[in-house]
Amino acid sequence: MTERTQLKTYVALSATVVFWGLSFVATKVALESIPAFTLVFARFGLASIFFAVLVARRGLPSLTFADHGKIFLMALFEPGLYFICETLGLLYTSAPKASVIIATVPIAVAIASALLLKERTGRLGIAGIFLSLAGIALLVTADPAFDGTLNGSLKGDLLIVGAVLSAAFYIVGARDLGRRYTAGAITSLQVFYGALFYAPAFLWEFPSVSWTSISLRSWSAVLYLTLFATVAAFLCYNYALTKIPAPRAAIFINGIPVVTAVGAWIILGEHLTLLQAGGGAIVLAAVWLANFPAPATARNE
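Quick notes on the rules
Residues numbered from 1 in each chain as written. Predicted model: local features only at pLDDT ≥ 70, side-chain atom pairs only at ≥ 80, totals over all residues. Heavy atoms only, no water. Core = buried A, V, L, I, M, F, W, Y, C linked by side-chain atoms within 4.5 Å. Buried < 20%, exposed > 50% of the residue type's maximum accessible area, 1.4 Å probe, protein only. Helix = DSSP H or I, 4+ residues; strand = E, 2+ residues; numbered from the N terminus. Phe/Tyr/Trp six-rings, centres within 6.5 Å; stacked < 30°, edge-to-face > 60°. Salt bridge = Lys/Arg side-chain N within 4 Å of Asp/Glu carboxyl O.

Draft legend 1. Representation of the nonpolar core. Core analysis: the largest hydrophobic core is formed by 75 residues, its most contacted members being Phe24, Ile102 and Tyr237. At 12 residues, helix H9 (residues 216-241) tops the list of elements feeding residues into this core.

As structure tokens, this is what we get:
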């Protein structure tokens, strides 16, 4: 990979971190007056219009039936299940805490790679996995709203964990397809299929939506989620996945909680308690440990 390509790759990843970090805040803002399924459909339905124009101008490459099936399955996990879990989860938990849980995606990717791609996980990786679980346990139980039932913040936290698992399968699948197709082609189909997944839930929710009650603040959040957190972020991240391995791309997700914490503090007035911040620090340290390069001797075994 040339220096210019490498620079473009890491600029794309940095932009993704900013776009996705602020997406947690934007989602909370949008949910103030927009129902969950209406929000995700609006986000991907509008993004589909953008990509439809793009495809009309450039066209899509000829995909095999098997690869169409892979993209469909990939889209089932993300945006499909991922954004259902994330959006519903943010109804019950805070944006900073959700973003820290999402930061464990690299660990979930390592586990998925080991199971699906037969990639070995070293001792440091295994230690990082267990340490991350301890950090998440502290992050969740130290929440003042935690009560051990599925009626409060714990429900939201578990939904965010579901988003983490969905993201892991998406990243592994996108890395495989990225060897043969461009980021634009993958992202276009991913967004189209995502809009189709959300359409039935939106139609079910449609009669109860009070369109006149939706605030300008929420519509602005939808615009941000469509243009930046969906179109721009997925193009950037899928581009990066065509250039570098999935675990290296996934580790950039560690920066999302920092962006979310600052954005949530300024816009929403949300923050983590000192004990939760400690749990978050353990999670981020665990992710770094799990992705720490193995010694040369270990790699050659």
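Structure shown, so let's carry the discussion forward.
Draft legend 2. Spatial organisation of the packing of aromatic side chains. This model, assessed by the stated rule, comprises 17 aromatic pairs. Judged by centre distance (5.6 Å) and plane angle (50°), the ring pair of Phe44 and Tyr198 falls under tilted. Taken together, the residues Phe44 in helix H2 (residues 36-58) and Tyr198 in helix H8 (residues 183-205) connect sequence positions 154 residues apart. Each member of the pair, Phe44 as well as Tyr198, is classed as buried.

Draft legend 3. Looking closely at the pattern of salt bridges. Counted by the stated rule, this structure contains three salt bridges. With a shortest N-O distance of 2.9 Å, Glu32 and Arg217 are connected by a salt bridge. In this pair, Glu32 sits in the loop between helix H1 (3-30) and H2 while Arg217 sits in helix H9, placing the two residues 185 residues apart along the sequence. Given a relative accessible area of 47%, Glu32 falls into the partly exposed group. Here Lys97 and Asp157 are joined by a salt bridge, their closest N and O atoms 3.0 Å apart. Of this pair, Lys97 sits in helix H4 (residues 95-102) while Asp157 sits in helix H7 (residues 153-177), placing them 60 residues apart in sequence. Here Lys97 and Asp157 have matching classes, each one buried.

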